[in-house]
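Spelled out, the chains give:
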Amino acid sequence: MYIENISLRNYRNYTELNLDFENKVNVILGENAQGKTNVMESIFVLAMAKSHRTSNDKELIRWDEEYAKIEGRVRKRNTSIPLELTISKKGKKAKCNHIEQRKLSQYVGNMNVVMFAPEDLNLVKGSPIVRRRFIDMEIGQVSPVYLHDMSQYHKILQQRNHYLKLLQTRKQTDTTMLDVLTDQFIQYAAKIVERRYEFLSKLQQWAEPIHSGISRNLEVLKIQYKPSLDVSESMDLTKMIEVYTEKFDKIKTREIERGVTLVGPHRDDLVFFVNDRDVQTYGSQGQQRTTALSLKLAEIELIHEEIGEYPILLLDDVLSELDDFRQSHLLNTIQGKVQTFVTTPSVDGIDHQTLREATTFYVSQGSIKKVK
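This is a predicted model, so every value here is computed, not measured.

1. What to know about the UniProt feature "binding site: ATP" (unreviewed entry) in the protein
Then step 1. The feature "binding site: ATP" (unreviewed entry), as annotated in UniProt, sits at Gly30, Glu31, Asn32, Ala33, Gln34, Gly35, Lys36 and Thr37 in this numbering.
Then step 2. Excluding residues within four positions of it along the chain, Glu31 makes contact with Lys36 and Val363.
Then step 3. In this structure, Lys36 sits in helix H1 (residues 36-48).
Then step 4. Ignoring any residue separated from it by four or fewer positions in sequence, one finds Lys36 in contact with Tyr14, Ile28, Leu29, Gly30, Glu31, Asp317, Thr343, Thr344, Pro345 and Val363.

2. Considerations on the sheet that holds strand E1 (residues 2-11)
Then step 1. Strands sit in the order E2-E1-E4-E5-E6-E7 across an open sheet of six strands; the sheet is antiparallel. A single partner strand is all that each edge strand has here, and the edge strands are strand E2 (14-20) and strand E7 (99-100).
Then step 2. Where E1 and strand E4 (residues 67-76) come together, seven bridges link them in antiparallel fashion. Counted as the bridge partner of Asn5 is Arg73 from E4.
Then step 3. Against the sheet, H1 makes contact with E1, E2, E4 and strand E5 (79-88), and its axis sits at roughly 110° relative to E1, the strand it touches most.

3. A word on the packing of aromatic side chains
Then step 1. For the coordinates displayed, the defined rule picks out six aromatic pairs.
Then step 2. Judged by centre distance (5.5 Å) and plane angle (85°), the rings of Phe185 and Phe248 are edge-to-face. Placement of the pair is Phe185 in helix H6 (residues 176-214) and Phe248 in helix H7 (residues 237-258), with a sequence separation of 63 residues. A single burial state applies to Phe185 and to Phe248, both of which are buried.

4. Some remarks on the sheet that holds strand E10 (residues 269-274)
Within a sheet, adjacent strands bond to each other through the backbone by hydrogen bonds, running parallel or antiparallel.
Then step 1. Across the sheet, which stays open at both edges, the three strands sit in the order E9-E10-E11 with antiparallel pairing between neighbours. Unpaired on one side and paired on the other, strand E9 (221-226) and strand E11 (277-278) mark the two borders of the sheet.
Then step 2. In this structure, E10 lies alongside E11, joined through two bridges in antiparallel fashion. When the sheet's bridge partners are listed, Phe273 is paired in E11 with Asp278.
Then step 3. Taken strand by strand, helix H4 (residues 128-142) contacts E9 and E10, and its axis lies near 95° from that of E10.
Then step 4. The strands touched by helix H9 (residues 285-307) within the sheet are E9 and E10, with E10 carrying the most contacts at an inclination of about 115°.

Parameters and conventions
- Residues numbered from 1 in each chain as written.
- Predicted model: local features only at pLDDT ≥ 70, side-chain atom pairs only at ≥ 80, totals over all residues.
- Heavy atoms only, no water.
- UniProt positions renumbered as here; feature names shortened; annotations may be inferred.
- Contact = heavy atoms within 4.5 Å.
- Helix = DSSP H or I, 4+ residues; strand = E, 2+ residues; numbered from the N terminus.
- Pairing = 2+ DSSP bridges.
- Axes fitted to C-alpha atoms, helices over the stretch in contact; angles between N-to-C directions.
- Phe/Tyr/Trp six-rings, centres within 6.5 Å; stacked < 30°, edge-to-face > 60°.
- Buried < 20%, exposed > 50% of the residue type's maximum accessible area, 1.4 Å probe, protein only.

Written as structure tokens, this is what we have:
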């Protein structure tokens, strides 16, 4: 899979931009604050219908404009599929093959991407929300059902929290509605957790040998799901629902007192162990970076396993954050098999065949030209 071209209109600092890409490494050079990351972000947004940098879609629209539009063509096997995303103050409209998609969950997955940016190095040491976002975005790319379940889950979570607040402040006293919402909440929560366990089991299978290679066979990586209540991978859906139901019965009074939902997938976390030690707490910065890099490379292989094609890899200003050995390992892994976009102020000091053979673009003040 690779993206053949992209067109931007009123996107960030670009009034209009049209670029063609080759199915290899594409390097986007330029000083900071010139628009390199905006190009990278636009590819991500076209794939995922959301940004990795902001949750406020209005920031993607050029100043004083009404809308932003991203168009691109993605080549999958022997077909070329046009994709289009329009972002306005009213919301988003997505088209695949010129047909408007009723739900964004039906649109996401037409183009698969793996993003590796400096903030992804926080995957290990950052807050649980970073790790939950990582799981949800990756499963969502290969499973429209999961995206739909997550969307429903968050709607019910919002309604449930709102009702708990009403009960807390005595604006409501009848708990029947809370019980109905709890039952709905549990159904989606159990499905989400079951799918996360399944995904992480596959990710473990790919990440462990990759991590071993980067660490020169000195380290063993283990990924552990940390649920907010006592469920496990060995349980089937029925058993998980039973455990959730018992837990919510026990904490009902406490949730009303607090006015908030206390357990569920929105409070779960991941823990990474290297040689049986928690990397977040005890790992060196090098170990944390190796773990993050291993997870990203494992993602590429997992998506390939799920859909039969390699995703597009987006390396946003991340090469300079890695030492020479990790840089080489990353570039050797992708060489010749994954269309890759690299943004960097300079390739000086990065001596690798992959970059020597790359197509290079230069960005300055919102204009881009191909230089090689």
